[in-house]
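Fold and contact review
Letter by letter, the chains look like this.
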Amino acid sequence: MKAARIHAYGASSEIRIEDAPLPTLQADDVLIRVVATSVNPVDWKIRKGYLKDFIPYEMPLIMGLDVSGIVEKTGPAVTRFKPGDAVYSRPDTRRNGAYAEYIAVRESEVVAKPTTISHVEAASLPLVSITAWEALFTTANLSAGQRVLIHAGAGGVGSIAVQLARAKGAHVTATASAGKMALVRSLGADEVIDYKSQDFSSVVSGMDVVFDTVGGDVTEKSWAVLNPGGMLVSITQQPSEDRAKAEGKRAGYVFIGPNAPILTELAKMVDLGQVRPIIAAEFGLNDAAKAQDFSEIGSATGKVVIYVGHP
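Residues numbered from 1 in each chain as written. Predicted model: local features only at pLDDT ≥ 70, side-chain atom pairs only at ≥ 80, totals over all residues. Heavy atoms only, no water.

**Overview of helix α1 (residues 41-48)**
Rules: Three labels apply to residues, based on accessible area from a 1.4 Å probe with only protein chains included: buried if under 20% of the type maximum, exposed if over 50%, partly exposed otherwise in between. Here a helix means four or more residues in a row that DSSP labels H or I, a strand means two or more in a row labelled E, and each is numbered from the N terminus. The contact criterion used throughout is that any non-hydrogen atoms of two residues lie within 4.5 Å.
Within α1 the residues assigned to the buried category are Val42, Asp43, Trp44, Ile46 and Arg47. Elements in contact with the buried residues of α1: β1 (2-6), β2 (15-19), β3 (29-39), β4 (61-62), α3 (126-139) and α10 (288-297). With its phi angle positive at about 90°, Gly49 sits one or two positions after the end of α1.

As C-alpha cells, this is what we get:
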C-alpha cells in the first residue's frame, strides 16, 4: 500500500510517500480502506519529536489520528462490522496511523460513519470532536443555561465546541478574527469577539466555563472572566491549580484518546443537523507534507483534510 511515513524526527521534508506493508491484523482489529484522514497539530508535533519521551515510536512511522473509510477485512474476534461498512474513528496514538491506503484499528475504537456527510467531512471530526466533548461535558460539566467562552471559535476544535455547546443549550461567546466572525455566529455563537481589536478580558464576564484552545497569555487572562466556582479547561497546558484554589475557581486539562461512545453520539448529532464539519483545505496523500505545513501555520478555518482514495 501507499503511505506517508517518516523515518526520523524533523521537518516536513522527512515525510516520504512510499510503499509500505499492509497492517498486521490482530484478532479484534478492523482493516479500514482509508478514504480520508485529517491533520491535527499533534501530527506535526509527533513528527518534530515533541512526544518521543511520552510515546516511544518505532520508525518508520505513519501518522494520522482521524480516519473515515470502508471496512476491508475483520479479525476473527470482530462481531460488529463486516466488509463494506462505512466507518470512522480516532485510532490509538501508539499505532501506525491513517496517512495510508489502509489502517488497522481496534473494533472498540470504530463506529459507523454519519450517513449524511462525505468521508472527507467525516474524517475531519473524530479527534477534535472528542476533544471538545471531553473538555466541555466530561471535564467542565457544561449544562443548559450556563455561559461558556470558547477561544478560537473558527479553529478545528473551536468550531466543533461552539456547535456542541449550542446544542447543549449553553449561552456561547467565542473569539475569532474579524473575517471569521460571521462563520462562528452561523455555528451558533451568541456573541463573537474580534480578538485582534478587542481584549476579551475587558469585555467578557460572568462565564461558568472557559474553553482555552490557545494557551499562553490567553490562559492567564481567562481567569478574570470566570464566575466563582467556574472552570478554566485547556487543551494546551495545565491551568494553575494554585490560582484556581486562591480565586475559588476550578482548573482542568484535557488530553484525549479514542472514545467510540462519543463518536456514536456525534454521528447522531451530525445526521440531525446539529453539528456540521468545517473544512479549511483538502490535500492528496502525495501532499501530506504540504498539508502539515498548512496546519502548522495555525490560521486554518476548521480542519485540514487529506483525501486518500475512492470510497
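Once you've had a look at it, read on.
**A closer look at the packing of α3 against helix α4 (residues 156-168)**
For clarity, the threshold we go by: Axes, fitted as lines to C-alpha atoms, cover a helix only where it is in contact. Angles between the N-to-C directions of the axes lie from 0 to 180 degrees. Any angle that falls under 35 degrees is termed roughly parallel, while one over 145 is termed roughly antiparallel, one within 65 to 115 roughly perpendicular, and all others oblique. Take the far helix as your reference; a near helix turned counterclockwise from it by less than a right angle gives a left-handed crossing, and one turned clockwise gives a right-handed crossing. Any residue that is not Ala, Val, Leu, Ile, Met, Phe, Trp, Tyr, Cys, Pro, Asp, Glu, Lys or Arg is counted as polar, Gly included; the first ten are nonpolar and the last four charged.
Where α3 meets α4, the axes come as close as 9 Å, and the angle between the chain directions of the two elements is 50°. The orientation of α3 with respect to α4, classified from their angle, is oblique. Relative to α4, the crossing made by α3 is right-handed. Here α3 contributes Val128, Ser129, Thr131, Ala132, Trp133, Leu136 and Phe137 to the contact with α4, which in turn contributes Gly156, Val157, Ile160, Ala161, Leu164, Ala165 and Lys168. Of the residues contributing to the contact of α3 with α4, the split by class is 10 nonpolar, 3 polar and 1 charged.

**A word on the packing of aromatic side chains**
Just so we agree on the cut-off: When the centres of two rings from Phe, Tyr and Trp lie within 6.5 Å, Trp using its six-membered ring, the rings pair. Their planes under 30 degrees apart give stacked, over 60 give edge-to-face, and anything left gives tilted. Remark: a charge is flagged as sitting over a ring if the NZ atom of Lys or the CZ atom of Arg is within 6 Å of the ring centre and within 35 degrees of the ring normal.
Overall, the coordinates contain 3 aromatic pairs when judged by the stated rule. Relative to Phe255, the ring of Phe54 lies with its centre 5.7 Å away and its plane at 90°, an arrangement referred to as edge-to-face. Here the residue Phe54 occupies a position in the loop between α1 and β4, and Phe255 occupies one in the loop between β14 (250-253) and α9 (260-271), the gap between them amounting to 201 residues. Sitting over the face of the ring of Trp44, Lys45 holds its NZ or CZ atom 5.8 Å from the ring centroid. Its end group placed over the ring of Phe137, Lys168 keeps NZ or CZ at 5.2 Å from the ring centre.

**With respect to the sheet that holds β4**
Counted only if it meets this: By definition, two strands form a pair when at least two bridges between them are found by DSSP.
Taken together, the 3 strands give an open sheet; going across it, the order is β2-β1-β4, and neighbouring strands pair in antiparallel fashion. Because the sheet does not close on itself, it has two edges, and the strands there are β2 and β4. For β1 and β2, the ladder comprises 5 bridges, and the chain directions are antiparallel. Across the sheet, Ile6 pairs through a bridge with Ile15, a residue of β2.

**Brief notes about the packing of α3 against α9**
Two numbers describe how α3 lies on α9: the axes approach to 10 Å, and their chain directions differ by 100°. Here α3 is positioned roughly perpendicular relative to α9, judged by the angle of their axes. For the pair α3 and α9, contact is made by Pro126, Ser129, Ile130, Trp133 and Glu134 and by Ile262, Leu263, Glu265, Leu266 and Met269, respectively. Residues that form the contact of α3 with α9 fall into these classes: 7 nonpolar, 1 polar and 2 charged.

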